[in-house]
Amino acid sequence: MRLGHGDQFHRVSLATGERGSAGEAGANVGKGGGDEAHPRRYSRAVPARYPSLWLFTDERQGDALWSALRRLPPGSGVVFRHYSLSPAERVRLFVKVRRRAQARRLVVVSAHMLLPGADGVHKAVRGAGLRTWPAHDRAEALAGLRAGAGLLFVSPVFPTRSHPGAASLRPAQAARVARGLRVRVIALGGMNARRWRAARACGFDGWAGIDGWSENKGRRGKATP
């Protein structure tokens, strides 16, 4: 598969555990193991423009959202959510996120609807550009495929603060949700750079997180639109 700009960095660093700066922490997974060690990877026919590392925005991040954006390596992706804001506030915050993302060469998709300037949509059947989809089970994975998604976020792989008390799939079971589908598959739910090793061994193409990209989980404020 041809690798596009930015994604080549992810495929090399995610596969080899190449050491980098603190901002590249998501890619430091240990030594060895290129793609040939994982013959059942999902994304052989998926365009390389879908990143391997992702941040999900969330209201509970507060101002930690901005430090999380700084920690993402160039070429990573952002799923913009912030559902609780009014439409006007949500657009204003999205514009600020998009501006910072552009400065760091990040891809931004907006959840449920295409916002002006977004590179695509998440869990939406309408909208141009990239299309990503959540998959908590096989039925949702197939629904995403029918909707034209090129990337699935399978969750929850591990216990997560977003859904306290909810049962997690664990890496091996989570991998079965999208097995055999010709899409890029990203591990979500309690993920961080350390847990990526287990997900990678099961064939995932990358990982996404909320708290996993926060420098200081104890600091919370308001990310103002």
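To start, this report covers the structure provided alongside it.

### Digging into the overall build of the chain
Here is step 1: Counting its regular elements, the chain contains six helices and eight strands.
Here is step 2: For the chain, the succession of helices and strands along the chain, N to C, is α-β-α-β-α-β-β-β-α-β-α-β-α-β.
Here is step 3: Within the span of the chain, comprising 225 residues, buried residues form 52% of the whole.
Here is step 4: The contacts in the chain between residues at least 6 apart in sequence include a share of 59% that link residues at least 24 apart.
Here is step 5: Taken as a whole, the chain presents about 10,400 Å² of accessible surface, with 52% of it coming from carbon and sulfur.

### A word on the packing of aromatic side chains
Here is step 1: Taken as a whole and judged by the stated rule, the model has four aromatic pairs.
Here is step 2: Where Trp54 meets Phe153, the ring centres are 5.3 Å apart and the plane angle is 85°; that geometry is what we call edge-to-face. With Trp54 in strand β1 (residues 53-56) and Phe153 in strand β6 (residues 151-154), this pair connects stretches of sequence that are 99 residues apart.
Here is step 3: Exposure remark for Trp54: the relative accessible area of 0% places this residue in the buried category.
Here is step 4: For Phe153, a relative accessible area of 1% corresponds to the buried category.
Here is step 5: Residues Phe80 and Phe94 carry aromatic rings whose centres are separated by 5.3 Å and whose planes lie at 70° to one another, so their mutual orientation is edge-to-face. You can see Phe80 sitting in strand β2 (residues 77-80) and its partner Phe94 sitting in helix α3 (residues 87-103), a full 14 residues away along the chain.
Here is step 6: Overall, the relative accessible area of 0% leaves Phe80 in the buried class.
Here is step 7: Residue classification places Phe94 among the buried residues on the basis of a relative accessible area of 1%.
Here is step 8: One aromatic cluster is present, built from ring pairs that chain together Trp54, Phe56 and Phe153.
Here is step 9: The residue whose ring lies beneath Arg100 is Trp66, and the NZ or CZ to ring-centre distance is 4.2 Å.

### A word on the pairing of strand β7 (residues 184-188)
Here is step 1: Across the five residues that make up β7, a large majority, five, are buried.
Here is step 2: Residues Arg184, Ile186 and Leu188 point to one face of β7 and Val185 and Ala187 to the other, with burial holding for every one of them.
Here is step 3: Here β7 runs beside strand β8 (residues 206-209); their pairing, made up of three bridges, is parallel. Bridge pairing in β8 places Ala187 opposite Trp207.
Here is step 4: Each parallel crossover has a hand, and for β7 linked through helix α6 (residues 193-201) to β8 it is right-handed.

### Topic: the pattern of salt bridges
Here is step 1: This structure, assessed with the given rule, holds three salt bridges.
Here is step 2: A salt bridge links Arg60 to Asp58, with the nearest nitrogen and oxygen atoms 3.5 Å apart.
Here is step 3: Given the relative accessible area of 26%, Arg60 is considered partly exposed.
Here is step 4: For Asp58, a relative accessible area of 13% translates into the label buried.

### Digging into the sheet that holds strand β5 (residues 130-135)
Here is step 1: Pairing is parallel around the closed barrel formed by eight strands, whose spatial order is β1-β2-β3-β4-β5-β6-β7-β8. Each neighbouring strand pair of the sheet contributes to a mean axis angle of 25°, computed without reference to strand direction.
Here is step 2: Pairing of β1 with β8 involves three bridges; the strand directions are parallel. Bridge pairing in β8 links Leu55 to Gly209.
Here is step 3: Lying over the sheet, helix α4 (residues 138-146) contacts β5 and β6, oriented at roughly 165° with respect to β5.

### Thoughts on unusual backbone geometry
Here is step 1: Of note, the amide linkage connecting Ser155 to Pro156 takes the cis form, showing an omega dihedral of -10°.
Here is step 2: Mapping Pro156 onto the fold places it in the loop between β6 and α5 (171-177).
Here is step 3: One non-glycine residue, Lys123, lies in the positive phi region at around 55°.
Here is step 4: The residue Lys123 is located in the loop between β4 (120-122) and β5 in this model.

Cut-offs used in this document
- Residues numbered from 1 in each chain as written.
- Predicted model: local features only at pLDDT ≥ 70, side-chain atom pairs only at ≥ 80, totals over all residues.
- Heavy atoms only, no water.
- Helix = DSSP H or I, 4+ residues; strand = E, 2+ residues; numbered from the N terminus.
- Buried < 20%, exposed > 50% of the residue type's maximum accessible area, 1.4 Å probe, protein only.
- Contact = heavy atoms within 4.5 Å.
- Areas by Shrake-Rupley, 256 points an atom, 1.4 Å probe, with all protein chains shown as cover.
- Phe/Tyr/Trp six-rings, centres within 6.5 Å; stacked < 30°, edge-to-face > 60°.
- Lys NZ or Arg CZ within 6 Å of the ring centre and 35° of its normal.
- Pairing = 2+ DSSP bridges.
- Right-handed = clockwise from strand over helix to strand, strands pointing away.
- Salt bridge = Lys/Arg side-chain N within 4 Å of Asp/Glu carboxyl O.
- Axes fitted to C-alpha atoms, helices over the stretch in contact; angles between N-to-C directions.

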